Amino acid sequence: MNTELANRLRWRLWLDIGLQAWYSLGDRRFRTLLSVCGIAIGIAAVTLIDVVTHGGRQVVFSELQTFGLRSVWISRDRQLVNPHKQQRTGTGIDNADYEAVRNSSCCTAFMRMSPMVLGVPGASNVARVGRRYSQVQLEGVNEDYIAINNDHVVKGRAFTSVDIQRARPVVIIGAKIREELFGPAVDPIGRELILDNRTFEVVGVLDKKDRSLLASIGSGQDANGRVLMPYTRVQAMLNSDQIDVLQAQVKEGVSAAAAAQSAANFLRSRHRDAYPYRVDTMEQYVRTANNILDGVAVIGLIAASVSLFVAGLGILNIMSTAVLERTREIGVRKAMGGSESDILLQFLFEAGFISLFGGVLGLLLGGISSVVIARAANFPLDPGMLFNGVSLLVAVGVGLAAGLYPAYRAAHLRPVEALRYE
Amino acid sequence: MIRLTEACKRYRNGATDIEILRSVSVEIGAGEFVAIMGPSGSGKSTLMNVLGCLDTLDTGAYELEGKRVDRMDALSLARLRNRKFGFVFQLFNLIPRLDALRNVELPMLYGGVPSAERRLRAAAALERVGLGERCHHVPSRLSGGQQQRVAIARAVANDPDIIIADEPTGSLDSRSSDEIMKLFADLHRQGKTILMVTHENDVAAHAQRIIRLRDGRIGEAA
């Protein structure tokens, strides 16, 4: 017999033995179904965790993006207090510092930079138009701010350098402020609002930003409640040259932490160590978020693996029972010429079928529940993740591993003893 | 065709060894119809299982067509059972969830016969035992006599030289027994070698030769 013919015979025998396994499963439908469900639940859990962590990651990153992923913030560190030194007043950054950072060789890694002068202490933070009022968050910024923060002006215009230089009384308002002060029907561009008893002209409206997730965990201000004003104008209102925070955007491919730190060092030496500075980078927030999400994914996968392991025990149980119950049958098959590998193969096929169906059913269950959850929690769903070939392989692997021992026992039964079994 | 020399077989039962076969020597020619008789515990089933390659010897030699069976590995024995032997058991031993046709196909399946040919040959074998119309009945829907006829169809389906039957009429009423014995007589006429364990004299009367076993030894041959 040539090898090709032998191979074809072998292949056909596999098919036949697979069919024998199939008939056997049909005979124990209920128990088979239970085992199938065990695997299905495990695989559904894997799929679900995969989809949820992936979707969650996208949600978190789309919100983090609203701060500008390459942003850094430099400010005076007010938590670090040296008891032997007298506390200096001030923010530690003034206009001269800002100009110096701008022109210094220390900070060439910054692509854009904007001073931030936050709020007007003592003044009301309520803006008014006619009889409509809105609580605002006033930020004095320059013309780079909008680009740094991934903001978009949907109506009107952004600040120009002339606005900044001349400290013009103009504002760009967030979506919520526009809604509350003007309503949806009125075009706010060119209109006036009253803030701290002074009049400002609205020149632009910012696009809506979604930070609902971050807001729900108590971080991130309401981005839609901002009123942007030239920082020079805010300083004039305060009669000060102080800057609360320097926000910058680092160039691509540059370490944000290093760039921000070198700016902070530059400021410290300029002030002869009078102030400690803190630097915050989006990079570090992204890393933290990543770590948290990875942790969630790992915990989820561990839980799913446990359920898959238990499902594997279920298959081990059903297959061991099957070998016991069908000892005589195994004897008959051996008497008919079934070899050890034929018997082994049949039982492996049975275990493999159970886990394959469990896997497919699990993908189906996982897919449906993922769609439902994605709809309910409103996060993006990548359809490619719903059919996860790897988890199908894992399912079949679990089934085969669990079936191996019972199948081995069946294969090595001695025919005469198997036939005699009552 | 079959030559068994000084065959010994022991079973361990607790602390004591029980000698089931004590130096049994048998020769059986091709085409013979041999009945093996003896009281229960005499070792006749064990002898049968050894001859059918279902059991192995402790000592002694078993030659089948000049080849030493007692030195073969598990795979060769499985091939040998598949090609040379057909088995008929007292309790029929059909596989419950498979219909008659699929039961009969089984030895051919392990023999690697393609499925289309297998179906034809299985159907023909069932036809020959008078069950052509019951191909798709599962064993539980067949009477004892019918089940044993399916078992005989299965035993001959792969065209073996030797039929091993262990009390084939032991679970049947006398009418069914007669039908079954008629089938064995037909098979013998067709040239099959038949080895049959029985304790019924009228069944043994169909055989050309009777081997009597007592306490694991061969007694007088008739």
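Residues numbered from 1 in each chain as written. Chains lettered and ligands numbered in written order. Predicted model: local features only at pLDDT ≥ 70, side-chain atom pairs only at ≥ 80, totals over all residues.

A. Molecular detail of the overall build of chain A. Across its full length, chain A carries 14 helices and 12 strands. In terms of overall dimensions, chain A is more spread out than a globule: its C-alpha atoms have a radius of gyration of 34 Å, far above the 22 Å expected for 422 residues. Judged by the C-alpha coordinates and their principal axes, chain A covers about 105 × 55 × 45 Å. Sequence separation of at least 24 residues holds for 86% of the intrachain contacts in chain A that already meet a minimum separation of 6. (Helix = DSSP H or I, 4+ residues; strand = E, 2+ residues; numbered from the N terminus. Rg over C-alpha atoms; globule rule 2.2 N^0.38 Å. Contact = placed C-beta atoms within 7 Å.)

B. Representation of the overall build of chain B. Counting its regular elements, chain B contains 7 helices and 10 strands. For chain B, the C-alpha atoms occupy an extent of roughly 50 × 40 × 35 Å along the three principal directions. Here chain B holds 222 residues, and 46% of them are scored as buried. Contacts in chain B between residues far apart in sequence, at least 24 positions, make up 69% of those at least 6 positions apart. (Buried ≥ 20, exposed ≤ 12 C-beta atoms within 10 Å, placed from the backbone.)

C. Quick look at the interface of chain A and chain B. Listed as interface residues are 22 residues of chain A and, on the opposing side, 22 residues of chain B. Looking at the side of chain A that touches chain B, the element that brings in the most residues is helix H1 (residues 3–26) of chain A, giving 7 residues. Of the residues assigned to the side of chain A that touches chain B, the class counts are 9 nonpolar, 5 polar and 8 charged. (Nonpolar A, V, L, I, M, F, W, Y, C, P; charged D, E, K, R; others polar.)

D. Here's a closer look at the packing of helix H10 (residues 282–325) of chain A against helix H13 (residues 389–411) of chain A. All names here are of chain A. The N-to-C vectors of H10 and H13 enclose an angle of 30 degrees; their axes lie 8 Å apart at closest approach. For the element pair H10 / H13, the angle class is roughly parallel. In this structure, the crossing between H10 and H13 has a hand that is right-handed. Taken together, the residues of H13 that come into contact with H10 (itself represented by Leu 308, Ala 311, Gly 312, Ile 315, Leu 316, Met 319, Ser 320 and Val 323) are Val 394, Val 398, Gly 399, Ala 401, Ala 402, Gly 403, Tyr 405, Pro 406, Arg 409 and Ala 410. Residues of the contact of H10 with H13, tallied by class, amount to 13 nonpolar, 4 polar and 1 charged. (Axes fitted to C-alpha atoms, helices over the stretch in contact; angles between N-to-C directions. Parallel < 35°, antiparallel > 145°, perpendicular 65-115°, else oblique. Left-handed = near helix turned anticlockwise from the far one by under 90°.)

E. Molecular detail of the sheet that holds strand E2 (residues 16–28) of chain B. Residues and elements named next belong to chain B. Within the open sheet, the 4 strands sit side by side as E2-E1-E4-E5. Their pairing is antiparallel. Taken across any chain shown, the strands that pair with only one partner, and hence form the sheet edges, are E2 and strand E5 (67–68). Sheet topology places strand E1 (residues 2–13) next to E2; 9 bridges connect them, and they run antiparallel. Paired with Lys 9 across the strands is Leu 21, a residue of E2. (Pairing = 2+ DSSP bridges.)

F. Main features of H10(A). Residues and elements named next belong to chain A. An ideal rise of 1.5 Å per residue puts 64 Å on 44 residues; H10 measures up with 63 Å between its terminal C-alpha atoms. For H10, the set of buried residues is Ala 304, Leu 308, Ala 311, Gly 312, Gly 314, Ile 315, Leu 316, Ile 318, Met 319, Ala 322 and Val 323. In the core, the buried residues of H10 are packed alongside helix H2 (29–64), helix H11 (327–335), helix H12 (340–377) and H13. (Expected span 1.5 Å × (residues − 1).)

G. Broad picture of the confidence of the model for chain A. Looking at chain A as a whole, the pLDDT averages 87, with 92% of positions reaching at least 70. Looking over chain A, one finds the lowest element-wise mean pLDDT in helix H7 (residues 212–216) of chain A, namely 71, and the highest in strand E7 (residues 170–173) of chain A, namely 96. (pLDDT = per-residue confidence, 0-100.)

H. Highlighting the domain arrangement of chain A. Structurally, chain A comprises domain 1 (16–64 + 288–420) and domain 2 (81–275). A separation of 56 Å is found between the C-alpha centroids of domain 1 of chain A and domain 2 of chain A. (Domains from an automatic or database assignment.)

I. Spatial organisation of the sheet that holds strand E6 (residues 85–88) of chain B. All names here are of chain B. The strand order across the open sheet built from 6 strands is E6-E7-E8-E3-E9-E10, with neighbouring strands paired in mixed fashion. The open sheet has two edge strands, E6 and strand E10 (217–218), and neither has a second partner. As paired elements, E6 and strand E7 (residues 162–166) share 4 bridges and run parallel to each other. Residue pairing for E7: Phe 85 is matched across the bridge by Ile 162. Sheet strands touched by helix H1 (residues 44–51): strand E3 (33–37), E7, strand E8 (193–197) and strand E9 (209–214). Its angle to E8, the strand with the most contacts, is close to 150 degrees. Of the strands in this sheet, E6 and E7 touch helix H5 (residues 144–157), which is tilted by about 170 degrees from E6.

J. Spotlight on the nonpolar core. Ranked by size, the top nonpolar core spans 114 residues in total, and within it B:Ile36 and B:Leu126 carry the most contacts. Among residues more than four places away in sequence, those in contact with B:Leu126 are B:Ala100, B:Leu101, B:Val104, B:Leu131, B:Gly132, B:Cys135, B:Val150 and B:Ala153. Membership of the second largest hydrophobic core comes to 50 residues, among which are A:Val101, A:Phe110, A:Leu246 and A:Val279. (Core = buried A, V, L, I, M, F, W, Y, C linked by C-beta atoms within 7 Å.)

K. Summary view of the environment of A:Ile194. All names here are of chain A. Along the chain, Ile 194 falls in strand E8 (residues 192–195). Looking at Ile 194, the number of C-beta atoms within 10 Å reads 16, which means it is partly exposed. Not counting chain neighbours up to four residues away, the residues in contact with Ile 194 comprise Ala 127, Arg 128 and Thr 199.

L. Region of the structure containing the confidence of the model for chain B. Here chain B averages 91 in pLDDT, and 99% of its residues register 70 or above. Of the two predicted TM-score estimates for the complex, the pTM is 0.75 and the ipTM is 0.94.

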